[in-house]
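# Coordinate analysis (summary)
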Amino acid sequence: MISHLQASAPLLILAAAITILLAAIAIKRSFAGSVAISAIGLLAAIASTPWAINATGPAPMPTLFIFTTESLGFAALVILAALGVLILAAGYFTTGIKLPREEYPLLLLIATLGAVALTLSASFITLFLGLETMSLAMIGMIAYPRYRPGAEEAGLKYLILSGMSSALVMFGIALVELATNHLQFTPVLATMLTGTPILLAAVALIGAGAGFKLGVVPFHIWVPDIYAGAPAPSAAYVAVIPKIAVLAVIIRILEMPGVAFSHGTITAITIVAILSMAIGNLLALMQENIKRILGYSSIAHLGYVLVALLAASAIGRAGVIFYIVTYAITVIGAFGIIGILSRATAGRDLDQVSEFHGLFWERPFLATIMTLVLLSLAGVPPAIGFIAKMYIMAAGVHADLRILTGTLVVTSVIGLFYYLRIIIVMSLKPVERTATPEMAMAIPMTGWITMATLGALIIGFGVDPESLIVILRSLFG
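Definitions and cut-offs
Residues numbered from 1 in each chain as written. Predicted model: local features only at pLDDT ≥ 70, side-chain atom pairs only at ≥ 80, totals over all residues. Heavy atoms only, no water. Helix = DSSP H or I, 4+ residues; strand = E, 2+ residues; numbered from the N terminus. Rg over C-alpha atoms; globule rule 2.2 N^0.38 Å. Buried < 20%, exposed > 50% of the residue type's maximum accessible area, 1.4 Å probe, protein only. Contact = heavy atoms within 4.5 Å. Areas by Shrake-Rupley, 256 points an atom, 1.4 Å probe, with all protein chains shown as cover. 1 Å grid on protein atoms, 1.4 Å probe; cavity = no way out; pocket = protein on both sides within 12 Å on 5 of 7 lines; lining within 4 Å. Points joined across faces, edges and corners; volume = space filled by probe spheres on them. Nonpolar A, V, L, I, M, F, W, Y, C, P; charged D, E, K, R; others polar. Expected span 1.5 Å × (residues − 1). Phe/Tyr/Trp six-rings, centres within 6.5 Å; stacked < 30°, edge-to-face > 60°. Salt bridge = Lys/Arg side-chain N within 4 Å of Asp/Glu carboxyl O. Polar contact = N/O pair within 3.5 Å; in protein donor to acceptor, adjacent residues only side chain to side chain. pLDDT = per-residue confidence, 0-100. Core = buried A, V, L, I, M, F, W, Y, C linked by side-chain atoms within 4.5 Å.

### Brief notes about the overall build of the chain
When its secondary structure is counted, the chain shows 22 helices and 0 strands. Over its C-alpha atoms the chain spans a radius of gyration of 21 Å, differing by no more than 12% from the 23 Å that the globule rule assigns to 477 residues. Projected onto the principal axes, the alpha-carbon positions of the chain cover approximately 70 × 60 × 40 Å. Across the 477 residues that make up the chain, the buried fraction comes to 58%. Taking all contacts inside the chain whose residues are at least 6 apart in sequence as the whole, residues at least 24 apart take part in 81%. Carbon and sulfur atoms form 74% of the exposed surface of the chain, whose accessible area is close to 18100 Å².

Structure (structure tokens):
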């Protein structure tokens, strides 16, 4: 029992932080206080992770959660990403906003609790509860500035997508329980090896639900619209945290004894990966909105991750984890720049490519960080994204996935065009234009520190990837 409590420390701390924040908001409203309580809760959850990992054995909590080095490592990654988004949100939701701000950190904590529960789930019950807790809170985060028509539309679209995803997953879970009389992963997966029609249908339904959360083709509908309409911190959260949590569950399931992709599953995932890489990059070429570009590029990046998943090897697993970390750093950095240049009080974010014209001349620090982020997303050295793509390519070559690896190379070249285009626009001399309040306002200290940290990570780990590999080995085993 003690080992269970020790291993579940991050989960319990997040739940306690939510309770304390609810009480604090009820007693006295203070956005600074809400951010402080949320930040302390997230930092405490991160700090408790090494202690949780040291719990005796894997410490499974019967029928509910599994606490291994790997699952707790993914939980720590989720919490770290959430902390980065919280810091950006603190500067984004400035005074003068037309609605109370205190509930935004609360929604972020609730979504993070759901994501961590999903990451640690050992049963379809906790998987679904974690998925729903995360999704419902994210709907509120997306539509939070309800005076923005774009945010309301994005929230409605995410509600519809989440509803479709939840319905498919729940139907799949019902078929699993019908066929196996179990809801825990281990006995269910052992039975799934028989390949009965009901179980194959269950796998297809649950896989489709996961596809909606990952945003891969053909489940990518409205993903760019949601990114474009959501406030920048919320878009960063939606782009990163659900993907980490879902991939954590997929990786853990694939590592279970006797679990392997069937020929039909390999074919289906191959088609999804190729379409995601191709469609994501090609449609990104046509966009003038940076958040929509990031939305379509995220579809392509998840296609790259599927290549490593199909490799089904140690190098493939390492490639997925390394790529997830790289993706989280760079995407939070990209939306962070947009968030710093924007404010929730405005009718929309400063996210058009044309609005970044001459940024190097007006905001050299932000333009430099944005350049590092874009080079990393494009996979250009010395940014960390280059190492991440090399990992994925090595996994594909090692597994002899020639078509997938070739598609990865070709589509990565296509991606260079829209990433480099933004860099070129930022480097052009500024034209005569009416100064916007966003371009003239001072960068908050938290913005300076966060962006400088992300820029240092992109270059530091790109030049010395071994240091990141050592950290990931200690977290994920």
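Moving on, there is more to tell.
### Some words on empty space enclosed by the protein
Under the definition given, this model contains 6 cavities of 30 Å³ or more. Approximately 140 Å³ is the volume found for the largest cavity. Elements represented by at least two residues in the lining of the largest cavity include exactly α8 (149-180), α10 (197-214), α11 (223-229) and α12 (232-254). At 4 residues, the largest contribution of residues to the lining of the largest cavity is made by α8. Residues that form the lining of the largest cavity fall into these classes: 9 nonpolar, 3 polar and 2 charged.

### Description of helix α6 (residues 103-120)
In this model, α6 (18 residues) spans 26 Å end to end at C-alpha, consistent with the 26 Å of a helix rising 1.5 Å per residue. Of all the 18 residues making up α6, 15 are buried; the element is thus mostly covered by neighbouring parts of the structure.

### Quick look at the packing of aromatic side chains
Scanning all chains against the criterion turns up 11 aromatic pairs. Between the aromatic rings of Tyr104 and Tyr144, the centroid separation amounts to 5.4 Å while the plane-to-plane angle is 80°, which identifies the pairing as edge-to-face. Placement of the pair is Tyr104 in helix α6 and Tyr144 in the loop between α7 (124-142) and α8, with a sequence separation of 40 residues. Taken individually, Tyr104 and Tyr144 each receive the classification buried, so the pair is uniform in this respect.

### Here we look at the layout of surface pockets
Roughly 640 Å³ of internal volume is contained in the second largest pocket. In terms of lining residues, the second largest pocket is bounded by 25 residues, among which Leu80, Ala81, Ile329, Leu454 and Leu457 are the most central. Counting only elements with at least two residues in the lining of the second largest pocket, the list comes to α4 (49-53), α5 (69-92), α15 (314-341), α21 (445-463) and α22 (465-476). Grouping the amino acids of the lining of the second largest pocket by side-chain chemistry returns 20 nonpolar, 5 polar and no charged.

### Some thoughts on the pattern of salt bridges
Per the counting criterion, the structure on display carries 10 salt bridges. Ionic pairing is found between Lys157 and Asp225, a salt bridge with its closest N-O pair at 3.1 Å. Separated by 68 residues along the polypeptide, Lys157 in helix α8 and Asp225 in helix α11 bring together distant segments of the chain. A relative accessible area of 13% means that Lys157 is categorised as buried. On the basis of relative accessibility, which here comes to 22%, the residue Asp225 falls in the partly exposed class. One salt bridge in this structure joins Arg402 and Asp400, with 2.9 Å as the shortest N-O distance. Judged by relative accessible area, which is 65%, Arg402 ranks as exposed. One network of salt bridges, with partners in common, ties together Arg148, Lys291, Asp349 and Asp351.

### As for the environment of Leu205
Its location among the elements puts Leu205 in helix α10. When near neighbours in sequence (up to four residues on either side) are disregarded, Leu205 contacts Leu168, Val169, Phe171, Gly172 and Leu175.

### A look at α7
Residues spaced three or four apart along an α-helix point in a common direction, a consequence of the helix completing one turn every 3.6 residues. Over its 19 residues, α7 runs 26 Å from end to end, which matches the ideal 27 Å to within 8%, given 1.5 Å per residue. With 14 of 19 residues buried, α7 lies mostly within the body of the structure. The opening residue of α7 is Ser123, an N-cap whose side-chain oxygen sits 3.1 Å from the backbone nitrogen of Ile125.

### Points about the confidence of the model for the chain
Of the residues in the chain, 92% have a pLDDT of 70 or more, and the chain-wide mean is 86. Mean pLDDT values over the elements of the chain span from 50, in helix α20 (residues 437-440), up to 93, in α6.

### Overview of the nonpolar core
Leu42, Phe93, Leu108, Tyr237, Val240, Phe322 and Phe356 are the most contacted members of the largest nonpolar core, which totals 174 residues. By residue number, the principal contributor to this core is α15, which donates 17 residues. The residues touching Leu108, leaving out its near neighbours within four places in the chain, are Leu42, Ala82, Val85, Leu86, Met141 and Tyr237.

### Observations regarding the environment of Pro10
Relative to the elements of secondary structure, Pro10 occurs in helix α2 (residues 9-27). On the basis of relative accessible area, Pro10 is assigned to the buried category, the value being 1%. For the pair Pro10 and Leu306, spaced 296 residues apart in sequence, the C-alpha to C-alpha distance is 29 Å. If we ignore the near neighbours within four places in the chain, the residues touching Pro10 are Ala45, Ser48, Thr49, Ala52, Leu72 and Ile79.

### Notes on unusual backbone geometry
Val217 connects to Pro218 through a cis peptide bond whose omega is 5°. Its place among the elements puts Pro218 in the loop between α10 and α11. The omega angle of the peptide bond from Pro381 to Pro382 is 5°, so this bond is cis rather than trans. With respect to the secondary-structure elements, Pro382 resides in the loop between α17 (364-378) and α18 (384-398).

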